[in-house]
Structures are given as C-alpha cells and as structure tokens.
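Secondary and tertiary structure notes
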Amino acid sequence: MRITHLHIYGYGKFYDKQINFHSTGLQVIYGENEKGKSTIKSFITVMLFGFPTKSQAGAHYEPKHGNSYGGKLTIEISDIGKVTIERQKGKNNGKAIVYFEDGTVGGEETLNNLLGGIDKRVFLGIFSFSASDLQKMEQLKTEELNQYLQGASIWGKGSLSELEKKIEKGQQELFKPNGKRPVLNEKLQQLEEMKKNLKQVESQLNHYNDLLVERKELHSQYKQVNETINVLKDRIKIQEKLKLIEPLYVQEKGIISQLEQLPFIENFPMHGIDAVKDSLAKEQTLKEQLIDLELKLSEHKQQIKEGTVKDDFELIKEQALLLKEQSYEYERLKEELSSVELELRKTNQLIAAHTERLGRNWSNETILRAETSLTGKEELKILVQRERKTRYEQEHLDGELKTKSLQLEQIKEKLTDIRKQCLSNEDKEEMEQELIKRKEEKSQRLELEQQIHWQKFQPKTSDHQKKNGYYLLLISLLLVGVGVWLAYVQQWIPSMLSLIAATVMLYMNSTNRMSTDQTSDSEIQDLGKKLERLRTIPELEREIEHIDRILNDNTVKENQLEIRQQQLSQEEKGYNLVLAAIETCENELELIQNQLVEWCRKYQFGHYGNGEHHLELFDLIVDTKQLINDHNYFEKRKTEIGERLEEIEKLGKKIAGELFIKENDSFAVLVHKVQEVIEREEKTRMQILETNKIMKRLELEIDTLKKKIQYLQEERSTWLEKGSANEEEEFFCLANIASERQKLEKELVFLRSQQAQIGTESLTKEEAGAQLEQGLVTIEETLAMLNEQLTETIELQAAQQKQLGRIDHEIEQLEKGTNHSQLCQTYELQKSEFQEAAKEWATLRIGQLILRQAKSIYELERQPVVVQKAKDIFSQMTNGEYIHLFAPISENTFVVERHDGVRFYPDELSQGTGEQLYLSLRLALALAYQAHSPMPIILDDIMVNFDDIRKVNAKTVLEEVAKKHQVLFFSCHEQIKNLFQQESTMVLS
C-alpha cells in the first residue's frame, strides 16, 4: 500500500490544500516548526482510522478557516489499483467513503478489509512513530523491553506486561487463599455470620406475632374514638357559626319591616336623577353665555360701520412693498457707487505710476496690445532660466580657468627645478661606463684571486678534483638563483655581482676540468703580478656604491619628471576643456539673446536688455493691463448704478403722490413715510376683516347655544315622563323615596351574603332558622355541653395512644434484631454478590491463561523473526559495531553483543546508540508484520541524536526498507534533509 495524494478540505492550519507524494518508496517531508508536519501526520491517521471523539485527549486539529473538517486520501494497492478514501465531519456521520477506480463505492467495512484488519492502535504502535516514541522505549528497563516486544508484536503497543499486571492485580483484589481483605474472602465470612443470625431470630417469632394481634385490636378501638371526636367537633363548629349568625339574623328582620312600611314605586329611573340635575345646571350656564355673546355681536357691528379703506389699496400696497425692497438696493448701490468712485481714483493713480515706470513709449493702447498669455510667460521664464544658468556656469568656469592657469604655472616651475637636478645624458652615460669598468675590474680581480687559490690548493687525485668540481657547480647555481631574485627585487648591482661570480666559478670549474696536475708555480707568479696592478676589492666596492647611488637618485628624479610631465599634460587638457566650455557658454548666451529678441517681436514687447529685465517688465505690464481693465469696469459700473438709482427715485415719487405725501424729504425719509401710511391702512383693513370673522363666529356660537338649550329641555321632559312626574319637584320627591328603598335592599343583600359566608352546610335553611329563633342563650348552652363531651373523648384517645406506643416499642425492639425474612433476603443477596465476584475472578483467570498461551506462541514463532531482522538492521546502522541481539524465550531479558564479544543491556548503551537499537526493533516489527499489503511507515525526526556517520547508515537502512514499504520521513532539520536525494524531498512552505 502506498499513499500518493492528500486533499485537505480543512484540517488544522490547512484549508483546501493538496499534496502529492513521489512514486519512489522513500519520501522526505521537510519543514520548519509550525509548517504543518504534525498536521499532515495526524490527517493521514484520521483518514485511515476516523476522527477522535471529544473525550479523547490530544489535538483534534479542527480547521481555523472554513467549515469543512476532513478531506481525501488516495492510496495505491498493487492488486487493486488506486483507491480514494474520503472522510468529512458531518458527512456520513464522519465515516469513511471508499471510491474505487471502477466506480464502486464502499464504507468503513471496505476500508477495514483494505487495511487487513489493522486498527489505529496497531498502526500507531508499529508503523508510525517519532523520536519521542524511541525515547519512551529507552526509558524501559532491561526486563521490560522483551515484554514490550511481545506486546507490540501481538497487540500493536508495548502494553502486554501492563495487561498481565492488571489481570494479576484484579485476581488478587478478588480472592487470596489465606487473605481477609479481598472481595470473595470478605463475602464468605459475611455468609457464615448470616447463617448464625437466622437461627437466633427464629426463636423470637412467636412473641412478635402476639404483639401484632394486640396492636391490631387497639388500632380498631382508636379509630372508633377518633370518629366520635370528629362528630363532636363538627357539631361544635355548627353551634359556633349559629352564634355568629344570630345578630345578623336580627338585623335582617329589622330591615324587612322597614321595607314593608315604604310605598312601592315601580321602574323608577334612578340613574336619571343625576341626569336631570346636571341638565338644569347646564341650561343655566348656557343661557348666561348666550346673553354675553349677543352683547359682543352688537358691539362688533358698530365697529364695522365706523371703519373705511381705499379701493385700490392692494395695488398701492404691492408698489410700496416693491419700493421697500428697492430701498435696500438703493442704499447698497449708493455705498457701491462711493466704493466704485474710490476704486476709480486708486486705479487712475496706479495706472499713472505704472506708466511712468514703463516709460513714454508705453501708452494704454500699447499695453493692451502686448500679449501676456501664460504660454508667453512660460517661454520667457525658460529663456531667463537658461540665461541665468548659463551666466552662472560662465562665472564658475571663469573661476575654474583662473585656478587651472595658476596650477599650470606651478607645475611648470616644478618641472624646471626637477630638470635642473637631473644628470645630462652625457653625464649619465659617462657614469654608467665608469660603473661598468669598476664592476669588470672587480670581477677580474676576483677571478685572479680564485685562480691563484685554485692553483695553490688544487688536489693531486682526479677523484678529489671531480668532487670539488661538483661543489663549484652547485655554488654557481645558487649564485645564479640569488642573482635572479635580486634582479626581481630591483637590486641591480648585487644581482650583477652574483651573476658575474657564478660565471667566473663556472669558468673556473671548466678550466679545472681541462687543467692537469702540471700547473706550474710560474703561472701563479704571473697571476700575482696582474693582481698587484689592480685596485683592492673594498676600494672598488666604494666607488661602485657611490656611482650606483648617484644613478639611482637620478632615476628617481627622472621618474618624478615623467610624472610631472603627465600632470602638466592633464592640466593643459583640463585648461583647454574649460576654455571650450566658456566659449560654449558665450555661444549659448548669444543664442538666448537672439531668442529673446524673437520673443519680444512675437509678443509685441520692446527689447530692453537681458531676460531678467524682460521678466520684470512682463509682470509690470500684466499688472498694468489688469488695472486698465479694472478702470474700464468701474467706469461702466458707475454708469449702471446711476441709471438704477434714478429708476428707484422715480418709483418713490410716484407712490408718494398717490398717498398725498410731500416730496421735499430725502429718499430714505420718503420710503419711511410711505411704509407708515401703508401699515396704518393695512391695520384698519385687517381690523375690519377680523371683526367680520368674529361676528360670523359669534352668530354660529349663539345658534349652537340655542340648540343645546332646546336639547336639554327635551331630555328633561323624557326623564319626567319615565318617572311619572309632571314637574321637576315632583320628580325629585319620588326619587328620594326610591333611593331610600334601594339603600335598604342593598343592606339586606349584604347581611344575607355575610350569613352565607359563615355557612351552615350540615343544616337546612329551615333547621337553622328554627335554632336561631330559640335565641342566643340556648345556642351557648348546647355549645358548652358538646365541649365537655369532646374533652372526655380526647382523654380516652390519649390512653389508647399510650398503650399503642408501648406495644410499638416492643415490636420495634424485636425488629431491630432483624426479622427472619429480611435476614433470608440479605443472605440470598450476599450469596448472589459472591457468585458474581466469583464469575469475575474466573474470567480474569481464563484471560491470564490465554495471554500465557499467546506469549508462548509468539516466543516460538514470531520473536525469532523480529529479533533476526532487528539484529541485521542494528548491525548495518552501527557499521558492524554490534553484531548480535538476544531475547531468550521465557526470560524477561534483552542483551546486545558487541563485535569484540562484550555484552550490554539496553540501558547501558549511549542515548544515540539506544535510539538506534529501538529504531531497529520498530523497523523489524514493521517488516515482520504479516499484512495483505505492506503498510506505509511514518517517521518523525528519528535521527536527531545520531552522529553524522550513523545518520548516513540510517538513511541507507530506510532506503532498503523503502523497497518493500512506503516510508514517509518528516524532519525539521536541514542537515538531515540534505542527506537524501533532492527528487525525493518535499519542502513545506
């Protein structure tokens, strides 16, 4: 089985994430912390084995974004092909849906068959583990490791020993042969004690039965006495109620006699009494209001007769309103006229000042004809900026030209000084010839001295001569090397001396080889005479050194002269460049002046000097043009204001004539007088209109009051007719009688309701009336007799109750000792509990036997295979350092043997080696596990404590395992990632 593709709908930090695994068996997934490695591992487990329940511990990785919780996992099985497993929370109750390539669909059972029955516990115990799982194995004791292997092989987890301990503990908690605290031991003791108690209780049963019969008889008597007490109490309650009802009964009889004395009035309208009274009061009020309104109406009629208004008042009023509105405009125009005249004076002054600045050649027509557009100004600004920039550059270049000229003079002076200090060519050649002569003379002297030395000490044997020749050749070669090195570091004289000496020695060596033992003393003498004619070596060296120093100083001066000449050449070039730049600036200025002349012609400006002056002139002309335009506008506005003022004054005079107002006053006073007249006329007119409205309203109110009075009179006639009365006084007399009768009837109803509330349910109305007729004294005597009977009966009941208490106490004492039936029931219950505990113990015992049988089968069949595979893997991982693993059958030990025969327990190994051992065991378990299709192996940073060599070995082991199982290796260490091939590595971003 191989996982090829993951599609995560929503799980942990991932949302709609798709991951493809390579076709190779080994897949490395690298990512830093919090990049999703643990999320991917958990997602694979959930897709194969289901979502964790809410009660289960650990992270559930519910999605942080989106609502989908789950996804798809695609696996490839060799004999089936590709299979897609989909699992989504909330869909199909979170169960898996399996899709095959042929279109068939399955569920959880199909998935379980595909996994070969492997559950989550087996998968996490064998095929998926991390460095922390290896460290947990490392914490196991030596005797526990073998048990862990057994448990992991059988159950998928290392929990077999824990299961055995739980079974053994459960048996001991239930039963021990000689114990007292276990459950079965305690229950056996309780059953024995219960048998003894049953025998004692059987002897007390007879007395207990007699007491029960006696108690039953007393209960019957007690019940009869109790019924008698209840009857007496009921009779006492009746007498007490009659005692309360008796005064109410007497009042009822008195009210009935009063009602019989009053005359009977049939169907008198009681609710009409208040209505008649209210009607009389309202009629009186309305009549008073009617008189007042009629008086006001006559007064308003008199006012209308006295008031008069002009016929064309509305037209005059509209004209007056128009005049008032125009008066504000009149005042505003007056102020504006003053302001316009002031502005005209100012603009005239400014125009005169600007014209004076511009000169006599500029008139208003010339100024207005000049074009002052923004385009022209921008062109002028550009010309001015170019001129300003060019002049600035010209000034800068002038300064730079002066600096360059000064520097040229200084360099020329220094060149002259250096030339004076240098040797002439003739002197230099003479010095060099002299140096060569001295060096040749020194070489000649050295050669002669060497020849004399060789002649004196030349060996007589040819072997010794050959040996010395070799020495001379070696020395000559060394001198040649020294000479070359000195020439390289520019030490010319020592270099030449070394080369000359080497040449001489080579020559002498060749001469010695050609010479024979026949060298005569005469040759030595001739060489001595030649040597005397030459100067000594120290003298020659001093002269050579002096000449060499003079020549070296001259070389330095010549170098300085050459450098200065180069500087002079560069400075001359710079000087010429500056001159060229100055010429360019002058040409540019000339061009700018020509363009400025063209600009003046184009925009009708006179040419007056440089661009700065023209720019200032442009702004001044713009301002002057604006002033001229303003002056023309103010002149036009002054004319318009004068015409409008004349129209308004004409309208005012017309209205004043119609209202008979004198026109001698100012316009403002005239408007004020017109408004006063209009307001006065308007007020008179409004008063007349308001009076007409009031009169109409008064007439309506008078008519309404008359109708209301008539309605009240008709309403009273109706009530008098209902009360069978002719006048209001007769109606009120009958009303008093009816009210008194109604009051007595209400009191009678109230008394009877009180009697009904007290109640005498056990007596009929006639019986109660008969007893009430007897009087209060008879009722009290009957009540005293009944109370005396009740007291005697209660005393009898108390005596019976006391006797019952004694009998109950004796029965209770007997029952405290537990009765026979209860003891029998308890005995059977305890016997049943004992049998249940015994069944539980038997179940644990059978489970223990089954586990022992499974262990024996594992030790004989599966353990050797696992240990052998683990041994091979561990040996390969440690480069053959450890060669054997032992897990003896039926022994709780585990031993590792080194190549030198030394054996170790696992807890004696280093941490890294121990983790390599446990990794070998886990891989061996996975390889030895018999499944329909090899399951993927998921590893999480299992090499963090390995050294570099064993990391490489572990990588090789994993590659071998990947040939059979797909291996998904998760890591957050880049060093470990780089061990594997790049094509098998996936990086989580």
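Rules behind the numbers
- One numbering rule holds for all chains: residues counted from 1, following each sequence as written.
- At least 70 in pLDDT is required for a residue's local features to be given in this predicted model, at least 80 for side-chain atom pairs to be given and counted, and no such filter applies to totals for whole chains, interfaces and linings, which use all residues.
- Heavy atoms throughout the structure, all of them, feed into the side-chain values; hydrogens and water do not.
- The nonpolar core is taken to be a set of buried Ala, Val, Leu, Ile, Met, Phe, Trp, Tyr and Cys residues, with the residues joined through side-chain atoms within 4.5 Å.
- Exposed residues in this analysis have more than 50% of their type's maximum accessible area, buried residues have under 20%, and partly exposed residues fall in between, with area computed by a 1.4 Å probe over protein chains only.
- Where helices and strands are cited, they refer to DSSP runs of H or I of at least four residues and of E of at least two residues respectively, numbered from the N terminus.
- Whether two residues are in contact is decided by their heavy atoms: any pair within 4.5 Å suffices.
- Should a side-chain nitrogen of Lys or Arg be within 4 Å of a carboxyl oxygen of Asp or Glu, the pair is scored as a salt bridge.
- Two strands are said to pair when DSSP picks up at least two bridges between them.
- A fitted line through C-alpha atoms represents every axis, and for helices the fit uses only the stretch in contact; the resulting angles, taken between N-to-C directions, go from 0 to 180 degrees.
- Rotating anticlockwise by less than a right angle from the far helix to the near helix defines a left-handed crossing, while the corresponding clockwise rotation defines a right-handed one.
- For Phe, Tyr and Trp, rings pair up if their centres lie within 6.5 Å, where Trp contributes its six-membered ring, and each pair is then called stacked (planes under 30 degrees apart), edge-to-face (over 60) or tilted (otherwise).
- Residue-level confidence of the predictor is summarised by pLDDT, bounded by 0 at the bottom and 100 at the top.
- Helices are assigned an expected span. That span is 1.5 Å times one less than the residue count.
- Just so you know how the angles are binned, under 35 degrees is roughly parallel, over 145 roughly antiparallel, 65 to 115 roughly perpendicular, and the rest oblique.
- Three categories are distinguished: nonpolar for Ala, Val, Leu, Ile, Met, Phe, Trp, Tyr, Cys and Pro, charged for Asp, Glu, Lys and Arg, and polar for the others, with Gly belonging to the last.
- Patch criteria: residues need more than 30% relative accessible area and no salt bridge. Like-charged residues are merged within 9 Å; nonpolar side chains of Val, Leu, Ile, Met, Phe, Trp and Tyr are merged within 5 Å.
- Here the accessible surface of atoms and residues is derived via Shrake-Rupley with a 1.4 Å probe, and residues count as covered only by protein chains that are part of the display.
- For the purpose of charge, His is not counted, nor are the chain termini; Lys and Arg are scored as positive and Asp and Glu as negative.
- Throughout, a charge is located at the NZ atom of Lys, the CZ atom of Arg, the CG atom of Asp or the CD atom of Glu.

With 80 residues, the main nonpolar core has L6, I44, L73, L917 and F969 as its most contacted residues. Looking at this core element by element, the count peaks at 10 residues for helix α25 (residues 911-928). Residues in contact with L73, not counting those within four places in the same chain, are I3, H5, L6, I44, M47, L48, V83, T84 and I85. Of all hydrophobic cores here, the second largest spans 23 residues; its members include I316, L651, I655 and A656.

To continue, consider the pattern of salt bridges. It is possible for side chains of opposite charge to pair when their charged atoms get near one another. The full count for this structure, using the stated rule, is 30 salt bridges. With its nearest N and O atoms 3.2 Å apart, the salt bridge here joins R637 to E640. Placement of the pair is R637 and E640 together in helix α18 (residues 611-658), with a separation of three residues, close to one helical turn. Of the charged contacts, one joins K707 and D703 as a salt bridge, the two residues approaching to 3.6 Å between their closest N and O atoms. Highlighted residues: K707 and D703, both in helix α19 (residues 667-722), separated by four residues, approximately one helical turn. Sharing partners across several salt bridges, the network here consists of R332, E336, R637 and E640.

Our next topic: the sheet that holds strand β10 (residues 895-898). Working definition: the strands of a sheet are paired by backbone hydrogen bonds and lie parallel or antiparallel to each other. With respect to topology, three strands assemble into an open sheet ordered β9-β10-β11, the strand pairing being antiparallel. The sheet is open, and its two edges are formed by β9 (882-886) and β11 (903-904), each paired on a single side. Here two bridges tie β10 to β11, and the two strands are oriented antiparallel to one another. Within β11, the residue paired with E897 across the bridge is R903.

So, on to the sheet that holds strand β4 (residues 70-77). The sheet built from six strands is open, its strands ordered β2-β1-β4-β5-β6-β7 with antiparallel pairing. Looking along the sheet, the strands with just one partner apiece sit at the ends: β2 (14-20) and β7 (105-106). Where strand β5 (residues 81-88) and strand β6 (residues 97-100) come together, four bridges link them in antiparallel fashion. Bridging across to β6, V83 finds its partner in F100.

Backbone geometry places Y61, a non-glycine residue, at a positive phi of 55°. Within the fold, Y61 resides in the loop between α1 (37-49) and β4. Its relative accessible area of 25% is what places Y61 among the partly exposed residues. For N879, which is not glycine, the phi dihedral falls at a positive 55°. Along the chain, N879 falls in the loop between α24 (863-877) and β9.

Note: β9 against β10, four bridges, orientation antiparallel. What sits directly across from H884, in β10, is E897. Joining the antiparallel neighbours β10 and β11 is a turn of four residues, in which G901 adopts a positive phi near 90°.

Next up on the list: the packing of α1 against helix α3 (residues 120-127). Interaxial distance between α1 and α3 falls to 10 Å at its minimum, and their mutual angle equals 145°. Of the two possible hands of crossing, α1 and α3 adopt the one that is right-handed. Judged by residue contacts, T45, L48 and F49 of α1 engage K120, F123 and L124 from α3.

Following the sequence through the fold, E441 ends up in helix α13 (residues 425-457). We classify E441 as buried; its relative accessible area is 15%. In sequence terms E441 and L534 are 93 residues apart; their C-alpha atoms lie 7.4 Å from each other. The contacts of E441, once residues within four sequence positions are left out, are L534, R535 and L540.

Turning next to the packing of aromatic side chains. Tallied over the full model, the rule gives 12 aromatic pairs. Centre to centre, the rings of F51 and Y69 are 4.9 Å apart; their planes meet at 50°, and the pair counts as tilted. In this pair, F51 sits in the loop between α1 and β4 while Y69 sits in the loop between α1 and β4, placing the two residues 18 residues apart along the sequence. An aromatic cluster is defined as three or more aromatic residues linked by ring pairs; in this entry it consists of Y11, F43, F51, Y61 and Y69.

Chain-level pLDDT for the protein chain is 79 on average; 85% of the residues reach the 70-or-more range. Averaged pLDDT values for the elements of the protein chain fall to 48 in helix α5 (residues 142-155) and rise to 93 in β6. Confidence drops under a pLDDT of 50 for residues 139-145, and excluding neighbours within four residues, the segment shows 15 contacts in the predicted structure. Contacts of residues 151-159 to residues separated by more than four positions or lying in other chains number 28 contacts, the stretch itself having pLDDT below 50.

Within an α-helix, residues lying three or four positions from one another point in the same direction, as the helix has 3.6 residues per turn. End to end, α19 covers 82 Å across 56 residues, agreeing with the expected 82 Å (1.5 Å per residue, within 8%). Within two residues after α19, S724 carries a phi angle of roughly 60°, on the positive side.

Attention now goes to the packing of α3 against α25. Taken N-terminus to C-terminus, the directions of α3 and α25 make an angle of 130°; their axes are 8 Å apart at the nearest point. Looking at the two axes, α3 sits oblique to α25. Side by side, α3 and α25 meet where L124, G125, I126 and F127 of the first sit next to R922, L925 and A926 of the second. When the residues that make up the contact of α3 with α25 are grouped by side-chain class, the tally is five nonpolar, one polar and one charged.

This part takes up a negative patch on the surface. A cluster of acidic residues, E426, D427, E429, E430 and E432, forms a negative patch at the surface. Inspection of the secondary structure puts D427 in helix α13.

Taken together, the side chains of F175, L188 and W841 make up a nonpolar region of the molecular surface, amounting to roughly 240 Å² of accessible area. Counting through the fold element by element, F175 comes out in the loop between α6 (160-174) and α7 (183-202).

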